[in-house]
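# A closer look at the structure
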Amino acid sequence: MMKRVTVIPFLILSFATLSAQTVHPEVWPALPSAVPRDARIEKRVDDLLRKMTLEEKAGQVIQASITRVTPEDIRTYHLGSVLNGGGGFPGAPDGRNAKPKDYLALADAYYAASTDTSDGGQAIPIIWGSDAVHGHSNVVGATVFPHNIGLGATRNYDLIKRIGEITALEMSVTGIQWDFSPVVAVTRDDRWGRTYETYSEDPEIVRAAAAKVLEGLQGAPRTSAFLGRGKVVGCAKHFLGDGGTVEGKDQGNNIATEEQLRDIHAAGYLGALQSGVQTLMISQSSWFGVEMAASRAFLTDILKGRLGFDGILVGDWNVHGQIPGCSNGSCAAALNAGLDMFMVPDDWKALHGNIVAQVKAGEIPMARLDDAVRRILRVKMRAGVFTNVKPSQRPLGGKSEMFGSPAHRAVARQAVRESIVLLKNDGLLPIRPNKNVLVTGDGAHNIPKQAGGWTVTWQGSDTTNEQFPSGTSIWDGIRATVEAAGGRATLSADGTFKEAHDVAIVVFGENPYAEWEGDEKTIVHDNPQTLLTLRRLRASGIPVVSVFLSGRPMWVNPLLNASNAFVAAWLPGSEGNGVADVLFAAPDGAVRHDFRGKLSFSWPKLPTQVVLNHGDAGYDPLFPLGFGLTYNDRVELPRLPVDLTGVDPGRVFFSAAHVEPNELRVDEGIARQDEAGGRLVLAWPGGANREVSINGKPVSLTLETNMGKSLAIDVMVEKRPTRPVWLSVGCGEMCAGDVDITATLNGLALHQWHTIFVPLRCFAANGADMSRVTTPFRVSTVGEMTLRFADIELLPGTSAAMCPE
């Protein structure tokens, strides 16, 4: 039976010290719309708008999740749109394995409901949006391309356009007509968890890539291809400045100047607008403390006014609910500021009723609602959803032979080999394939790891190779290349080997993540197991190629030092065989595919270089923007410093001022009392095992473990424990490490505050996976005791006696 717990959310507490800034629309460029108005469409829109009831108009500005809305709901409330966000699939609970035909059947059902006029209403087809951010990657079997950070490294904008075309084709097979892509943010702090969704730190690369991928998705404006056969509506996101928040915090605060917003952060939107982008998504971030979704100056005066945008401005996931005075189910302020469509996955019924009431009360002007609906109808008509043909009867509907086709995968494989950047090569590469090759590392035969987040699931972290039925791991590609040339390839999961090998390829890097969970405190990739493997191989006389999988540039100096060759492979997607294409020569030694990738982000020299952008004062990277070796380059890389001085992740898990969102779980039966200053009193009654835990997003504590950090707990013992007390850290029952703290608690003076230090290495030694900690604190006992807690954080300091050797 599932244990009942009490969950109390801990929110980020911050106090704005910077006041809101004045916006100056006149300093922004005045642009005409790239898509000329069609008088016939405008007349049809006006005619339809005059016939619509208030309730129908309210329905059109709402986008609900497919997991929370039925076809009957669509028919009743006349909703304008649905979406499948990360983890939203047809046919729950095992929806992640849904086939393209399952998506298509649901699209047909929604279409039929939205065009049903039996209630006397208007037939307005629904439009379905999806996060197809690197191919139609939510759907099993799709072609999954490298994430944008890799595509930016290709500098091949025609290839990026082709990727947009293929994504649109595969979406069309499933009946989905709206892609929430591309991300056109310009990342300034690489700790941001969405760095890999962006093309570059260079605004000009972002501008060019945005324009080309949208041309692929939508077709070129002013041509017959625009939103024609096999095209979908694109969406540039997230307007504006989400790539420049303080400390790279997702949904954080941007304090750039207005000129920096215009010249750096808006560059991708200018490229998108010039390519006729039909929708933009509002960011969940703020500018000088003002939520972007509440800024009429940016949404209406600048975007819709100066920049000439006449499409749909859709909110990000419940972004309107973050505006002061609003909730997910009620927010006149967002619509009045310029939002046209609410992305409200769950609370859409309440929102619908409140929009109707707020218009009647005058809180929302009818003219503003009409403008929003007009924009929605305009885009739908431009996109051809009013053609009276259900998705399965459209030209590409159900054409399963096009979904993940060999031709599409060939393009993805090309993108892989052109995106990879060679950072170090002492002459080892390219490798002749008729060799005895050892392959190891936790990324070698791990397609989810090489694909990253936004792949099948939101975070991409709970899938297996089976979700990629036609994909190839990096190991698959290496084995096929080597065996075809008469060589021998051996996969060693743990890096051990019993015989000599001509060369070793070690594949490692970041685990999958997406927004929020991907935010980090540092850009240090500290992987002691991989470093040990590299050193052991080198000591055995085996030359080593390191293939680094990551969603951002990271400080990896120790790993670079231990490698003969080092390759930044980013997140290559489903076609891991593209990695082998550039690592190996032809059997006769001739070059098959040389390295072409050039860094789209500067690579850090120091572990403290979390903000490192070309053009900034004091710019001093290890590898600059644009760096990338070819086989012919001979660049001596000296031994790099490995000092971690100045790096302090500084994690606080519980206190009066939280630095990251966690939740405190208290088992039923434990008496709880909250005190002033954030302190907590907890009394265990005994008789059964009960626990208190802090839970949050997965974080790596490997660096802190290797730095000798300890879990520091401010505690007061009010009643001594009557049975053993266990302190745990980990990521679930199977990867937790427990330490017995009974003697320590019994040794403390009663009714006095003490700080106990438990080295993180204690938990690691007892089985905790410190690379993906979701529970940084858990105390459990079957006995009685009463404890008070204050701060729980990571600090220097040890108590070696508590840690078994």
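Quantities reported herein were computed from a predicted structural model and do not represent experimental measurements. (Residues numbered from 1 in each chain as written. Predicted model: local features only at pLDDT ≥ 70, side-chain atom pairs only at ≥ 80, totals over all residues. Heavy atoms only, no water.)

The next point concerns the pattern of salt bridges. Overall, the coordinates contain 45 salt bridges when judged by the stated rule. Measuring nitrogen to oxygen at the nearest pair gives 3.6 Å for the salt bridge that ties Asp102 to Lys101. Its relative accessible area of 28% is what places Asp102 among the partly exposed residues. By relative accessible area, which is 58% here, Lys101 ends up exposed. Measuring nitrogen to oxygen at the nearest pair gives 3.7 Å for the salt bridge that ties Glu215 to Lys212. Of this pair, Glu215 and Lys212 both sit in helix α7 (residues 203-218), 3 residues apart, which is roughly one turn of that helix. Taken together, the shared-partner salt bridges connect Lys304, Asp340, Arg368, Asp371 and Arg375 into one network. (Salt bridge = Lys/Arg side-chain N within 4 Å of Asp/Glu carboxyl O. Buried < 20%, exposed > 50% of the residue type's maximum accessible area, 1.4 Å probe, protein only. Helix = DSSP H or I, 4+ residues; strand = E, 2+ residues; numbered from the N terminus.)

Taken together, 3 strands build an open sheet; the order of strands is β6-β8-β11 and the sheet is parallel. A strand with exactly one partner marks an edge of an open sheet, and here the two such strands are β6 (235-239) and β11 (312-315). Within this sheet the neighbouring strands show an average axis-to-axis angle of 25°, counted without direction. Taken together, the 4 bridges between β6 and strand β8 (residues 279-282) define a ladder with parallel strand orientation. Directly across from Lys237, in β8, lies its bridge partner Met281. (Pairing = 2+ DSSP bridges. Axes fitted to C-alpha atoms, helices over the stretch in contact; angles between N-to-C directions.)

Strand order in the open sheet formed by 3 strands is β7-β9-β10, with mixed pairing between adjacent strands. Only two strands of the sheet have a single partner each, and these edge strands are β7 (253-254) and β10 (290-291). Where β7 lies against strand β9 (residues 286-287), 2 bridges are found, and the strand directions are parallel. Counterpart to Asn253 in the pairing with β9 is Ser286.

Let's shift gears to the packing of helix α6 (residues 157-173) against helix α14 (residues 406-419). Here α6 crosses α14 at 145°, and the two axes come no closer than 11 Å. Considering only the axes of α6 and α14, their crossing is left-handed. Contact residues: α6 offers Leu159, Arg162, Ile163, Ile166, Leu169 and Glu170, while α14 offers His408, Val411, Gln414, Ala415 and Glu418. Looking at the contact of α6 with α14, its residues break down into 6 nonpolar, 2 polar and 3 charged. (Left-handed = near helix turned anticlockwise from the far one by under 90°. Contact = heavy atoms within 4.5 Å. Nonpolar A, V, L, I, M, F, W, Y, C, P; charged D, E, K, R; others polar.)

Time to look at the layout of surface pockets. A water-sized probe, rolled over the atoms, reveals where empty space remains. Computed from the structure, the second largest pocket encloses a volume of approximately 830 Å³. Counting residues per element, the ones that place at least two in the lining of the second largest pocket are β16 (503-509), α17 (528-539) and α20 (702-706). When the residues that make up the lining of the second largest pocket are grouped by side-chain class, the tally is 15 nonpolar, 16 polar and 13 charged. (1 Å grid on protein atoms, 1.4 Å probe; cavity = no way out; pocket = protein on both sides within 12 Å on 5 of 7 lines; lining within 4 Å. Points joined across faces, edges and corners; volume = space filled by probe spheres on them.)

Okay, helix α16 (residues 474-484) next. What α16 keeps buried is the set Ile474, Trp475, Asp476, Gly477, Ile478, Thr481 and Val482. Looking at the packing, one finds that the buried side of α16 touches β14 (436-440), α15 (447-451), β15 (488-492), β16, β17 (544-549) and α19 (577-583).

Below, the discussion takes up the environment of Val186. Looking at the secondary structure, you find Val186 in the loop between β5 (178-179) and α7. The class for Val186 is buried, based on a relative accessible area of 0%. Spatially, the C-alpha atoms of Val186 and Pro100 are 33 Å apart, while their sequence positions differ by 86 residues. Each residue touching Val186, except ones within four places of it in the same chain, is listed here: Ser200, Glu201, Pro203, Val206, Gly243, Gly244, Ile264 and His265.

This structure, assessed with the given rule, holds 12 cavities of 30 Å³ or more. Roughly 90 Å³ of internal volume is contained in the largest cavity. As for the largest cavity, its lining consists of 15 residues, of which Val133, Ile163, Thr167, Ser181 and Val213 are closest to the centre. Of all the elements, α6 adds the most residues to the lining of the largest cavity, at 3 residues. Each residue belonging to the lining of the largest cavity can be placed in one class, and the counts come to 8 nonpolar, 6 polar and 1 charged.

Working definition: the covalent bond between the sulfur atoms of two cysteines is a disulfide. Counted according to the given criterion, the structure contains 2 disulfides. With a sulfur-sulfur separation of 2.2 Å, Cys326 is cross-linked through a disulfide to Cys331. Between Cys326 and Cys331, the S-S torsion sits near 65°, and that sign places the bridge as right-handed. Per residue, the accessibility class of Cys326 equals that of Cys331, and both read buried. One disulfide bridge connects Cys731 with Cys735, the sulfur atoms lying 1.8 Å from each other. Residue Cys735 is classed as buried on the basis of its relative accessible area of 16%. (Disulfide = S-S within 2.5 Å.)

The next subject is the side chain of Ser563. Mapped onto the elements of the fold, Ser563 is located in the loop between α18 (557-561) and β18 (565-570). Residue classification places Ser563 among the buried residues on the basis of a relative accessible area of 1%. One polar contact links the side chain of Ser563 to the main-chain carbonyl oxygen of Leu559, over a distance of 2.6 Å. Here Ser563 is in contact with Lys424, Leu534, Arg538, Val544 and Ser546, once residues within four sequence places are set aside. (Polar contact = N/O pair within 3.5 Å; in protein donor to acceptor, adjacent residues only side chain to side chain.)

On to the confidence of the model for the protein, then. Looking at the protein, the pLDDT average stands at 93 and 95% of residues meet or exceed 70. At the low end of the mean pLDDT range in the protein sits strand β1 (residues 5-10), at 30; at the high end sits helix α5 (residues 148-154), at 99. Considering only residues more than four positions removed or in separate chains, one finds that residues 1-17, a stretch of pLDDT under 50, has 32 contacts. (pLDDT = per-residue confidence, 0-100.)

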